[in-house]
Amino acid sequence: MNKLIVDFAVGSSPQVVELNTEEVASRQAEEQAWTDGQADRDLADLRTERNRLLTETDYWTLSDTADATDAQLAYRIALRNITLTYTSLDDVVWPVKP
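Residues numbered from 1 in each chain as written. Predicted model: local features only at pLDDT ≥ 70, side-chain atom pairs only at ≥ 80, totals over all residues. Heavy atoms only, no water.

**What to know about the overall build of the protein chain**
- In terms of regular secondary structure, the protein chain is built from four helices and two strands.
- Ordered by position in the sequence, the α and β elements of the protein chain form the string β-β-α-α-α-α.
- For the protein chain, with 98 residues in total, the buried portion stands at 17%.
- When contacts within the protein chain are restricted to residue pairs at least 6 apart in sequence, those whose partners lie at least 24 apart make up 42%.
- Accessible area for the protein chain stands at about 7,400 Å²; split by element, carbon and sulfur atoms hold 54% of it.
- Side chains of the protein chain give 9 positive and 18 negative charges; the mean places of these two sets differ by 6 Å. (Helix = DSSP H or I, 4+ residues; strand = E, 2+ residues; numbered from the N terminus. Buried < 20%, exposed > 50% of the residue type's maximum accessible area, 1.4 Å probe, protein only. Contact = heavy atoms within 4.5 Å. Areas by Shrake-Rupley, 256 points an atom, 1.4 Å probe, with all protein chains shown as cover. Lys, Arg positive; Asp, Glu negative; His and termini not counted. Charge placed at Lys NZ, Arg CZ, Asp CG, Glu CD.)

**Some details on the packing of aromatic side chains**
- Applying the stated criterion across every chain, the model contains two aromatic pairs.
- Centroid distance Tyr59 to Trp60: 6.1 Å. Interplanar angle 65°. Geometry classified as edge-to-face.
- Take Trp60: its relative accessible area is 8%, and that puts it in the buried class.
- These aromatic residues form a ring-pair network of at least three members: Tyr59, Trp60 and Tyr75.
- A cation over a ring is seen here: Arg41 above Trp34, with NZ or CZ 3.5 Å from the ring centre. (Phe/Tyr/Trp six-rings, centres within 6.5 Å; stacked < 30°, edge-to-face > 60°. Lys NZ or Arg CZ within 6 Å of the ring centre and 35° of its normal.)

**Side note on the confidence of the model for the protein chain**
- Of the residues in the protein chain, 100% have a pLDDT of 70 or more, and the chain-wide mean is 90.
- Of all secondary-structure elements in the protein chain, the lowest mean pLDDT belongs to strand E1 (residues 2-5), at 76, while helix H2 (residues 38-56) reaches the highest, 96. (pLDDT = per-residue confidence, 0-100.)

**A word on the packing of helix H1 (residues 21-36) against H2**
- As a packed pair, H1 and H2 sit with axes 4 Å apart at the nearest point and diverge in direction by 40°. Accordingly, the angle class assigned to the pair H1 and H2 is oblique. Residues Trp34, Thr35 and Asp36 of H1 form the contact with H2, whose participating residues are Gln38, Ala39 and Arg41.
- Its residues assigned to classes, the contact of H1 with H2 shows two nonpolar, two polar and two charged. (Axes fitted to C-alpha atoms, helices over the stretch in contact; angles between N-to-C directions. Parallel < 35°, antiparallel > 145°, perpendicular 65-115°, else oblique. Nonpolar A, V, L, I, M, F, W, Y, C, P; charged D, E, K, R; others polar.)

Okay, here's the thing in structure tokens:
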């Protein structure tokens, strides 16, 4: 692995140098941590979209509006439970909004 060293002094050129053993190990640990966190990031993205869809239908359940239909309530329940079945936006099948 290499790293690029840039000196912003006038007239200097960037240099490419080898990482030392400690730097290589540190970089590999960073890459592994990023890879290990993918599932958490995917689930967070799924929850964000789920929350957006729930927000769109919040007015269905407000006390000053007519009662929500069974289909509307079932839709909201399915959205709230979506993370029990799916783990990312790549595999999710969204319920159909009534």
